[in-house]
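# Residue-level structural notes
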Amino acid sequence: MSTRHILLGLLATGPSHGYDLKRRHDERFPQARPLAYGQVYTTLQRLVRDGLAEVEGTDSDGGPERTLYHVTEAGARELSRWAAEIAPPAPFVTNEIFAKVVVAILSGGDPAAYLRAQRAAHMRRMRELTAVTSDPGSDLATVLSADFALNHLDADLRWMTTTAARLTTLTAEVDAA
Amino acid sequence: MKNTGTPGPLLSANDLVKTHGATPALRGASLSLGPGEILAVTGASGSGKSTLLHCMAGIVRPDEGSVTYDGRRLDRLPEKRLSELRRTGFGVVFQFGQLVPELTALDNVALPLLLAGTSRPRAHEQARDWLERFGAHDLAALRPGQMSGGQAQRTALARALITGPKVVFADEPTGALDSLAAEQVMTALARTAREAGTAVLLVTHDARTAAYADREVSLLDGVVVAEDPALEVAP
(Lines give C-alpha, C1' and ligand atoms only; values in the text may rest on other atoms or scores of the structure.)
Protein backbone atom coordinates (compact mmCIF):
# COMPACT_ATOMS: atom_id res chain seq x y z
CA MET A 1 0.00 0.00 0.00
CA SER A 2 1.46 3.34 -1.02
CA THR A 3 0.89 5.83 1.81
CA ARG A 4 2.24 8.55 -0.48
CA HIS A 5 -0.49 7.99 -3.08
CA ILE A 6 -3.26 7.46 -0.53
CA LEU A 7 -2.42 10.83 1.07
CA LEU A 8 -2.23 12.43 -2.36
CA GLY A 9 -5.70 10.99 -3.11
CA LEU A 10 -7.12 12.38 0.13
CA LEU A 11 -5.52 15.77 -0.66
CA ALA A 12 -7.14 15.71 -4.11
CA THR A 13 -10.52 16.47 -2.51
CA GLY A 14 -9.22 19.90 -1.39
CA PRO A 15 -6.56 21.59 0.75
CA SER A 16 -6.02 19.80 4.03
CA HIS A 17 -3.57 19.60 6.95
CA GLY A 18 -1.72 16.61 8.36
CA TYR A 19 -3.98 15.97 11.33
CA ASP A 20 -7.08 15.98 9.13
CA LEU A 21 -5.44 13.67 6.57
CA LYS A 22 -4.51 11.15 9.26
CA ARG A 23 -8.07 11.20 10.66
CA ARG A 24 -9.65 10.75 7.22
CA HIS A 25 -7.20 7.98 6.30
CA ASP A 26 -8.01 5.99 9.44
CA GLU A 27 -11.76 6.43 8.82
CA ARG A 28 -11.64 5.56 5.13
CA PHE A 29 -9.37 2.49 5.53
CA PRO A 30 -10.50 1.00 8.84
CA GLN A 31 -8.78 -2.37 8.32
CA ALA A 32 -5.42 -0.75 7.52
CA ARG A 33 -2.93 0.04 10.24
CA PRO A 34 -3.64 3.58 11.57
CA LEU A 35 -1.12 6.09 10.23
CA ALA A 36 1.39 7.57 12.66
CA TYR A 37 1.50 11.40 12.72
CA GLY A 38 5.25 11.32 12.06
CA GLN A 39 4.68 9.24 8.93
CA VAL A 40 2.02 11.68 7.67
CA TYR A 41 4.26 14.75 8.10
CA THR A 42 7.32 13.04 6.59
CA THR A 43 5.27 11.91 3.59
CA LEU A 44 3.82 15.42 3.11
CA GLN A 45 7.34 16.92 3.14
CA ARG A 46 8.45 14.42 0.50
CA LEU A 47 5.42 15.19 -1.66
CA VAL A 48 6.36 18.90 -1.51
CA ARG A 49 10.02 18.08 -2.24
CA ASP A 50 8.98 16.10 -5.34
CA GLY A 51 6.65 18.84 -6.59
CA LEU A 52 3.50 16.75 -6.11
CA ALA A 53 2.05 18.95 -3.35
CA GLU A 54 2.50 22.54 -2.20
CA VAL A 55 2.00 24.46 0.99
CA GLU A 56 -1.17 26.51 0.65
CA GLY A 57 -0.81 28.52 3.84
CA THR A 58 -1.60 28.09 7.50
CA ASP A 59 -4.86 27.67 9.32
CA SER A 60 -5.10 28.18 13.07
CA ASP A 61 -8.89 27.82 13.50
CA GLY A 62 -8.60 29.07 17.07
CA GLY A 63 -6.05 26.34 17.98
CA PRO A 64 -2.41 25.71 17.13
CA GLU A 65 -1.28 26.83 13.70
CA ARG A 66 -1.52 24.08 11.03
CA THR A 67 0.08 23.94 7.60
CA LEU A 68 -2.41 23.42 4.75
CA TYR A 69 -1.33 21.48 1.67
CA HIS A 70 -2.82 21.12 -1.80
CA VAL A 71 -2.10 18.88 -4.79
CA THR A 72 -0.10 20.34 -7.71
CA GLU A 73 -0.84 19.55 -11.37
CA ALA A 74 2.10 17.14 -11.36
CA GLY A 75 0.60 15.54 -8.25
CA ALA A 76 -2.77 15.10 -9.95
CA ARG A 77 -1.06 13.47 -12.97
CA GLU A 78 0.95 11.14 -10.73
CA LEU A 79 -2.23 10.19 -8.85
CA SER A 80 -4.05 9.35 -12.12
CA ARG A 81 -1.09 7.26 -13.28
CA TRP A 82 -0.90 5.31 -10.00
CA ALA A 83 -4.67 4.79 -9.72
CA ALA A 84 -4.80 3.28 -13.23
CA GLU A 85 -1.73 1.08 -12.70
CA ILE A 86 -2.53 -2.63 -12.46
CA ALA A 87 -1.23 -4.28 -9.29
CA PRO A 88 1.14 -7.22 -10.01
CA PRO A 89 -1.14 -10.29 -10.07
CA ALA A 90 1.33 -12.70 -8.45
CA PRO A 91 3.33 -10.95 -5.76
CA PHE A 92 3.24 -13.83 -3.28
CA VAL A 93 4.99 -16.62 -5.17
CA THR A 94 7.46 -17.14 -2.36
CA ASN A 95 5.73 -16.50 0.90
CA GLU A 96 6.63 -16.87 4.56
CA ILE A 97 4.34 -19.84 5.17
CA PHE A 98 5.87 -21.83 2.31
CA ALA A 99 9.38 -20.91 3.52
CA LYS A 100 8.56 -22.17 7.02
CA VAL A 101 7.20 -25.46 5.69
CA VAL A 102 10.42 -26.05 3.74
CA VAL A 103 12.59 -25.04 6.70
CA ALA A 104 10.59 -27.41 8.95
CA ILE A 105 11.31 -30.25 6.51
CA LEU A 106 15.01 -29.34 6.23
CA SER A 107 15.48 -29.12 10.00
CA GLY A 108 13.55 -32.30 10.82
CA GLY A 109 10.62 -30.35 12.31
CA ASP A 110 6.91 -31.08 11.98
CA PRO A 111 5.55 -29.17 8.97
CA ALA A 112 2.08 -30.70 9.39
CA ALA A 113 1.83 -29.41 12.98
CA TYR A 114 3.01 -26.00 11.82
CA LEU A 115 0.36 -25.90 9.07
CA ARG A 116 -2.37 -26.89 11.57
CA ALA A 117 -1.29 -24.12 13.95
CA GLN A 118 -1.16 -21.62 11.11
CA ARG A 119 -4.61 -22.72 9.95
CA ALA A 120 -6.01 -22.19 13.47
CA ALA A 121 -4.52 -18.68 13.56
CA HIS A 122 -5.99 -17.89 10.13
CA MET A 123 -9.40 -19.18 11.27
CA ARG A 124 -9.30 -17.02 14.41
CA ARG A 125 -8.60 -13.93 12.31
CA MET A 126 -11.34 -14.93 9.85
CA ARG A 127 -13.83 -15.23 12.73
CA GLU A 128 -12.92 -11.69 13.88
CA LEU A 129 -13.32 -10.31 10.35
CA THR A 130 -16.59 -12.21 9.84
CA ALA A 131 -17.93 -10.59 13.02
CA VAL A 132 -17.16 -7.24 11.35
CA THR A 133 -18.82 -8.14 8.03
CA SER A 134 -21.96 -9.49 9.71
CA ASP A 135 -22.36 -6.61 12.17
CA PRO A 136 -25.43 -4.61 11.01
CA GLY A 137 -23.68 -1.46 12.34
CA SER A 138 -20.69 -1.80 9.97
CA ASP A 139 -20.62 0.62 7.03
CA LEU A 140 -20.02 -0.71 3.52
CA ALA A 141 -16.41 0.51 3.30
CA THR A 142 -15.58 -1.41 6.47
CA VAL A 143 -17.40 -4.52 5.23
CA LEU A 144 -15.64 -4.48 1.85
CA SER A 145 -12.27 -3.94 3.45
CA ALA A 146 -12.80 -6.89 5.82
CA ASP A 147 -14.14 -8.93 2.91
CA PHE A 148 -10.93 -8.31 0.96
CA ALA A 149 -8.87 -9.64 3.87
CA LEU A 150 -11.24 -12.62 4.30
CA ASN A 151 -10.86 -13.67 0.68
CA HIS A 152 -7.08 -13.52 0.90
CA LEU A 153 -6.99 -15.52 4.13
CA ASP A 154 -9.33 -18.04 2.52
CA ALA A 155 -6.93 -18.37 -0.43
CA ASP A 156 -4.06 -18.98 2.02
CA LEU A 157 -6.13 -21.67 3.74
CA ARG A 158 -6.87 -23.47 0.49
CA TRP A 159 -3.17 -23.43 -0.32
CA MET A 160 -2.34 -24.77 3.17
CA THR A 161 -4.87 -27.60 2.79
CA THR A 162 -3.39 -28.65 -0.56
CA THR A 163 0.14 -28.38 0.79
CA ALA A 164 -0.72 -30.45 3.89
CA ALA A 165 -2.06 -33.17 1.58
CA ARG A 166 1.19 -33.14 -0.43
CA LEU A 167 3.70 -33.03 2.42
CA THR A 168 4.99 -36.55 1.82
CA THR A 169 5.89 -35.75 -1.79
CA LEU A 170 7.31 -32.35 -0.86
CA THR A 171 9.44 -33.88 1.92
CA ALA A 172 10.86 -36.44 -0.53
CA GLU A 173 11.62 -33.67 -3.03
CA VAL A 174 13.25 -31.36 -0.46
CA ASP A 175 15.29 -34.22 1.05
CA ALA A 176 16.47 -35.35 -2.40
CA ALA A 177 17.65 -31.89 -3.44
CA MET B 1 -11.20 -31.75 24.22
CA LYS B 2 -11.55 -28.00 24.54
CA ASN B 3 -13.44 -26.68 27.52
CA THR B 4 -16.21 -24.51 26.09
CA GLY B 5 -16.91 -22.83 29.42
CA THR B 6 -20.47 -24.21 29.47
CA PRO B 7 -21.97 -26.29 32.29
CA GLY B 8 -21.80 -29.41 30.12
CA PRO B 9 -22.28 -30.45 26.53
CA LEU B 10 -25.79 -30.45 25.11
CA LEU B 11 -24.86 -33.04 22.54
CA SER B 12 -21.81 -35.24 22.38
CA ALA B 13 -20.44 -37.97 20.19
CA ASN B 14 -18.07 -40.43 21.81
CA ASP B 15 -15.71 -42.66 19.82
CA LEU B 16 -18.13 -43.07 16.93
CA VAL B 17 -17.39 -45.75 14.37
CA LYS B 18 -19.49 -46.04 11.23
CA THR B 19 -18.78 -48.03 8.09
CA HIS B 20 -20.58 -47.70 4.78
CA GLY B 21 -20.19 -51.14 3.17
CA ALA B 22 -16.45 -51.75 3.29
CA THR B 23 -15.59 -48.06 3.61
CA PRO B 24 -14.94 -46.71 7.10
CA ALA B 25 -16.51 -43.22 7.37
CA LEU B 26 -15.89 -42.65 11.09
CA ARG B 27 -13.03 -44.27 12.98
CA GLY B 28 -13.47 -43.18 16.59
CA ALA B 29 -14.78 -39.61 16.23
CA SER B 30 -15.58 -37.63 19.38
CA LEU B 31 -17.15 -34.19 19.55
CA SER B 32 -19.10 -32.03 22.02
CA LEU B 33 -21.53 -29.23 21.31
CA GLY B 34 -22.38 -26.78 24.09
CA PRO B 35 -25.82 -25.16 24.56
CA GLY B 36 -26.15 -22.24 22.13
CA GLU B 37 -22.74 -22.93 20.60
CA ILE B 38 -22.14 -22.66 16.86
CA LEU B 39 -19.59 -25.31 15.95
CA ALA B 40 -18.13 -25.79 12.49
CA VAL B 41 -16.97 -29.24 11.40
CA THR B 42 -14.65 -28.96 8.42
CA GLY B 43 -12.67 -31.45 6.39
CA ALA B 44 -12.10 -32.66 2.86
CA SER B 45 -14.69 -34.64 0.90
CA GLY B 46 -14.87 -38.13 2.33
CA SER B 47 -13.43 -37.15 5.71
CA GLY B 48 -16.65 -38.32 7.41
CA LYS B 49 -18.14 -34.98 8.41
CA SER B 50 -21.62 -35.60 6.97
CA THR B 51 -21.74 -39.07 8.53
CA LEU B 52 -20.82 -37.52 11.88
CA LEU B 53 -23.69 -35.02 11.50
CA HIS B 54 -26.11 -37.81 10.56
CA CYS B 55 -25.11 -39.84 13.63
CA MET B 56 -25.39 -36.84 15.97
CA ALA B 57 -28.79 -35.87 14.52
CA GLY B 58 -30.11 -39.41 15.02
CA ILE B 59 -30.59 -39.90 11.28
CA VAL B 60 -28.30 -42.94 11.23
CA ARG B 61 -27.09 -45.09 14.11
CA PRO B 62 -23.35 -45.56 14.67
CA ASP B 63 -21.84 -49.06 14.54
CA GLU B 64 -19.90 -48.34 17.73
CA GLY B 65 -19.65 -45.52 20.26
CA SER B 66 -22.42 -43.39 21.73
CA VAL B 67 -24.30 -40.16 21.11
CA THR B 68 -25.59 -38.34 24.19
CA TYR B 69 -28.19 -35.59 23.99
CA ASP B 70 -29.27 -33.71 27.11
CA GLY B 71 -27.92 -36.54 29.26
CA ARG B 72 -29.70 -39.33 27.30
CA ARG B 73 -28.27 -41.97 24.97
CA LEU B 74 -29.61 -40.90 21.59
CA ASP B 75 -28.28 -43.94 19.76
CA ARG B 76 -30.34 -46.25 21.98
CA LEU B 77 -33.67 -44.46 21.63
CA PRO B 78 -36.39 -46.42 19.82
CA GLU B 79 -37.17 -45.13 16.33
CA LYS B 80 -40.47 -43.56 17.41
CA ARG B 81 -38.86 -41.45 20.15
CA LEU B 82 -36.01 -40.56 17.84
CA SER B 83 -38.33 -39.32 15.13
CA GLU B 84 -40.28 -37.27 17.71
CA LEU B 85 -37.01 -35.71 18.90
CA ARG B 86 -35.97 -34.90 15.34
CA ARG B 87 -39.32 -33.16 14.88
CA THR B 88 -39.30 -31.10 18.08
CA GLY B 89 -35.76 -30.79 19.45
CA PHE B 90 -33.73 -30.70 16.25
CA GLY B 91 -33.82 -28.72 13.02
CA VAL B 92 -32.03 -29.94 9.91
CA VAL B 93 -30.89 -28.06 6.80
CA PHE B 94 -29.12 -29.64 3.85
CA GLN B 95 -27.14 -28.27 0.91
CA PHE B 96 -30.30 -28.09 -1.15
CA GLY B 97 -33.08 -26.77 1.08
CA GLN B 98 -35.35 -29.76 0.35
CA LEU B 99 -38.46 -27.62 0.45
CA VAL B 100 -41.74 -29.17 -0.69
CA PRO B 101 -42.00 -27.93 -4.30
CA GLU B 102 -45.83 -27.75 -4.36
CA LEU B 103 -46.04 -25.53 -1.27
CA THR B 104 -45.45 -21.78 -0.92
CA ALA B 105 -42.62 -20.52 1.28
CA LEU B 106 -45.19 -19.69 3.97
CA ASP B 107 -46.63 -23.22 3.95
CA ASN B 108 -43.17 -24.79 3.82
CA VAL B 109 -42.10 -22.87 6.93
CA ALA B 110 -45.43 -23.55 8.70
CA LEU B 111 -45.26 -27.29 7.90
CA PRO B 112 -43.52 -28.54 11.08
CA LEU B 113 -46.10 -26.70 13.22
CA LEU B 114 -49.02 -27.96 11.12
CA LEU B 115 -47.71 -31.54 11.47
CA ALA B 116 -47.51 -31.02 15.23
CA GLY B 117 -51.19 -29.99 15.33
CA THR B 118 -50.92 -26.19 15.51
CA SER B 119 -53.91 -24.42 13.95
CA ARG B 120 -53.37 -23.07 10.43
CA PRO B 121 -53.79 -19.35 11.29
CA ARG B 122 -51.41 -19.66 14.25
CA ALA B 123 -48.84 -21.65 12.21
CA HIS B 124 -49.00 -19.07 9.42
CA GLU B 125 -48.55 -16.20 11.86
CA GLN B 126 -45.40 -17.80 13.26
CA ALA B 127 -44.16 -18.72 9.79
CA ARG B 128 -44.45 -15.05 8.73
CA ASP B 129 -42.49 -14.05 11.81
CA TRP B 130 -39.69 -16.54 11.00
CA LEU B 131 -39.55 -15.57 7.34
CA GLU B 132 -39.19 -11.96 8.51
CA ARG B 133 -36.27 -12.88 10.77
CA PHE B 134 -34.49 -14.33 7.74
CA GLY B 135 -35.27 -11.26 5.63
CA ALA B 136 -37.56 -13.41 3.49
CA HIS B 137 -41.01 -11.99 4.30
CA ASP B 138 -41.54 -10.97 0.65
CA LEU B 139 -41.13 -14.62 -0.41
CA ALA B 140 -44.21 -15.88 1.46
CA ALA B 141 -46.31 -16.53 -1.65
CA LEU B 142 -43.50 -17.98 -3.81
CA ARG B 143 -42.99 -21.67 -4.51
CA PRO B 144 -39.44 -23.12 -4.35
CA GLY B 145 -39.19 -23.19 -8.18
CA GLN B 146 -39.66 -19.41 -8.22
CA MET B 147 -36.85 -18.73 -5.71
CA SER B 148 -33.09 -18.26 -6.04
CA GLY B 149 -30.84 -20.70 -4.18
CA GLY B 150 -30.22 -18.20 -1.39
CA GLN B 151 -33.93 -17.45 -0.98
CA ALA B 152 -34.75 -21.18 -0.82
CA GLN B 153 -32.03 -21.72 1.78
CA ARG B 154 -33.25 -18.85 3.98
CA THR B 155 -36.75 -20.34 3.76
CA ALA B 156 -35.35 -23.75 4.75
CA LEU B 157 -33.59 -22.20 7.75
CA ALA B 158 -36.81 -20.49 8.86
CA ARG B 159 -38.51 -23.91 8.65
CA ALA B 160 -35.70 -25.54 10.65
CA LEU B 161 -35.95 -22.98 13.46
CA ILE B 162 -39.75 -22.51 13.72
CA THR B 163 -40.22 -25.28 16.29
CA GLY B 164 -37.66 -23.66 18.61
CA PRO B 165 -35.15 -26.53 18.40
CA LYS B 166 -32.20 -26.72 20.76
CA VAL B 167 -29.92 -27.84 17.95
CA VAL B 168 -29.86 -27.06 14.23
CA PHE B 169 -27.84 -29.40 12.02
CA ALA B 170 -26.68 -27.68 8.85
CA ASP B 171 -24.96 -29.88 6.25
CA GLU B 172 -23.15 -27.69 3.67
CA PRO B 173 -25.90 -25.02 3.87
CA THR B 174 -23.98 -22.72 1.50
CA GLY B 175 -22.60 -25.43 -0.78
CA ALA B 176 -24.84 -24.50 -3.72
CA LEU B 177 -24.75 -20.71 -3.29
CA ASP B 178 -22.66 -17.89 -4.74
CA SER B 179 -20.53 -15.96 -2.27
CA LEU B 180 -22.94 -13.06 -1.68
CA ALA B 181 -25.94 -15.37 -1.15
CA ALA B 182 -23.78 -17.56 1.13
CA GLU B 183 -22.88 -14.50 3.19
CA GLN B 184 -26.54 -13.48 3.56
CA VAL B 185 -27.60 -17.01 4.55
CA MET B 186 -24.81 -17.41 7.11
CA THR B 187 -25.27 -13.94 8.59
CA ALA B 188 -28.98 -14.69 9.05
CA LEU B 189 -28.35 -18.16 10.49
CA ALA B 190 -25.66 -17.04 12.97
CA ARG B 191 -27.63 -14.00 14.15
CA THR B 192 -30.93 -15.85 14.51
CA ALA B 193 -29.40 -18.86 16.25
CA ARG B 194 -27.58 -16.59 18.72
CA GLU B 195 -30.76 -14.61 19.44
CA ALA B 196 -32.75 -17.82 19.99
CA GLY B 197 -29.94 -19.54 21.96
CA THR B 198 -29.99 -22.42 19.46
CA ALA B 199 -26.85 -24.52 19.07
CA VAL B 200 -25.71 -25.16 15.50
CA LEU B 201 -23.64 -28.05 14.20
CA LEU B 202 -22.38 -26.70 10.90
CA VAL B 203 -20.73 -29.07 8.45
CA THR B 204 -18.84 -27.30 5.68
CA HIS B 205 -15.77 -27.60 3.48
CA ASP B 206 -15.66 -23.81 3.16
CA ALA B 207 -13.51 -21.79 5.59
CA ARG B 208 -15.51 -18.60 4.99
CA THR B 209 -18.67 -20.39 6.12
CA ALA B 210 -16.84 -21.98 9.07
CA ALA B 211 -15.72 -18.51 10.19
CA TYR B 212 -19.31 -17.74 11.29
CA ALA B 213 -18.95 -20.39 14.01
CA ASP B 214 -17.64 -19.87 17.54
CA ARG B 215 -15.25 -22.78 17.12
CA GLU B 216 -13.98 -25.08 14.41
CA VAL B 217 -12.89 -28.70 14.47
CA SER B 218 -11.48 -30.56 11.50
CA LEU B 219 -12.10 -34.15 10.52
CA LEU B 220 -9.34 -36.19 8.94
CA ASP B 221 -10.04 -39.74 7.78
CA GLY B 222 -12.96 -40.20 10.15
CA VAL B 223 -11.25 -38.82 13.25
CA VAL B 224 -11.71 -35.37 14.82
CA VAL B 225 -8.59 -33.21 14.90
CA ALA B 226 -8.76 -30.55 17.63
CA GLU B 227 -9.07 -26.92 16.58
CA ASP B 228 -6.04 -25.71 18.47
CA PRO B 229 -2.99 -27.93 18.03
CA ALA B 230 -1.74 -26.86 21.47
CA LEU B 231 -4.74 -28.68 22.95
CA GLU B 232 -4.26 -31.86 20.96
CA VAL B 233 -3.45 -35.03 22.82
CA ALA B 234 -0.16 -36.38 21.55
CA PRO B 235 -0.61 -39.72 19.71
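Residues numbered from 1 in each chain as written. Chains lettered and ligands numbered in written order. Predicted model: local features only at pLDDT ≥ 70, side-chain atom pairs only at ≥ 80, totals over all residues.

### Some remarks on the overall build of chain B
When its secondary structure is counted, chain B shows seven helices and 10 strands. The globule rule puts the C-alpha radius of gyration for 235 residues at 18 Å, and the 17 Å found for chain B is close to it. Taking the principal axes of its C-alpha atoms as reference, chain B extends roughly 55 × 40 × 40 Å. Taken over 235 residues, chain B has a buried fraction of 49%. Considering only contacts in chain B between residues 6 or more positions apart, those separated by 24 or more positions represent 71%. (Helix = DSSP H or I, 4+ residues; strand = E, 2+ residues; numbered from the N terminus. Rg over C-alpha atoms; globule rule 2.2 N^0.38 Å. Buried ≥ 20, exposed ≤ 12 C-beta atoms within 10 Å, placed from the backbone. Contact = placed C-beta atoms within 7 Å.)

### Comments concerning the domain arrangement of chain A
One frequently used descriptor of interface size is the decrease in accessible area upon assembly of the parts. All names here are of chain A. One can read the domain layout of chain A as domain 1 (3-84) and domain 2 (96-176). Here domain 1 and domain 2 have C-alpha centroids that lie 35 Å from each other. Domain 1 puts four residues into the contact, and the matching count from domain 2 is five residues. Across the side of domain 1 that touches domain 2, the residue classes break down as two nonpolar, one polar and one charged. (Domains from an automatic or database assignment. Nonpolar A, V, L, I, M, F, W, Y, C, P; charged D, E, K, R; others polar.)

### Side note on the pairing of strand β2 (residues 53-59) of chain A
The side chains of a regular strand alternate between the sheet's two faces. Residue and element names in this part refer to chain A. In terms of strand pairing, β2 meets strand β3 (residues 66-71) through six bridges, oriented antiparallel. Note that in β3 the partner of E54 across the bridge is H70. In this structure, the hairpin formed by β2 and β3 is closed by a connection of six residues, where D61 is found at a positive phi of approximately 50°. (Pairing = 2+ DSSP bridges.)

### Details of the sheet that holds β3 of chain A
All names here are of chain A. Ordered by their spatial adjacency, three strands build an open sheet running β1-β3-β2, and the pairing between neighbours is antiparallel. The sheet terminates laterally at β1 (16-17) and β2, the two strands that pair on one side only. The strands that helix α1 (residues 3-11) touches are β1, β2 and β3; relative to β3, the one it contacts most, it runs at about 90°. Against the sheet, helix α3 (residues 37-49) makes contact with β2 and β3, and its axis sits at roughly 125° relative to β2, the strand it touches most. (Axes fitted to C-alpha atoms, helices over the stretch in contact; angles between N-to-C directions.)

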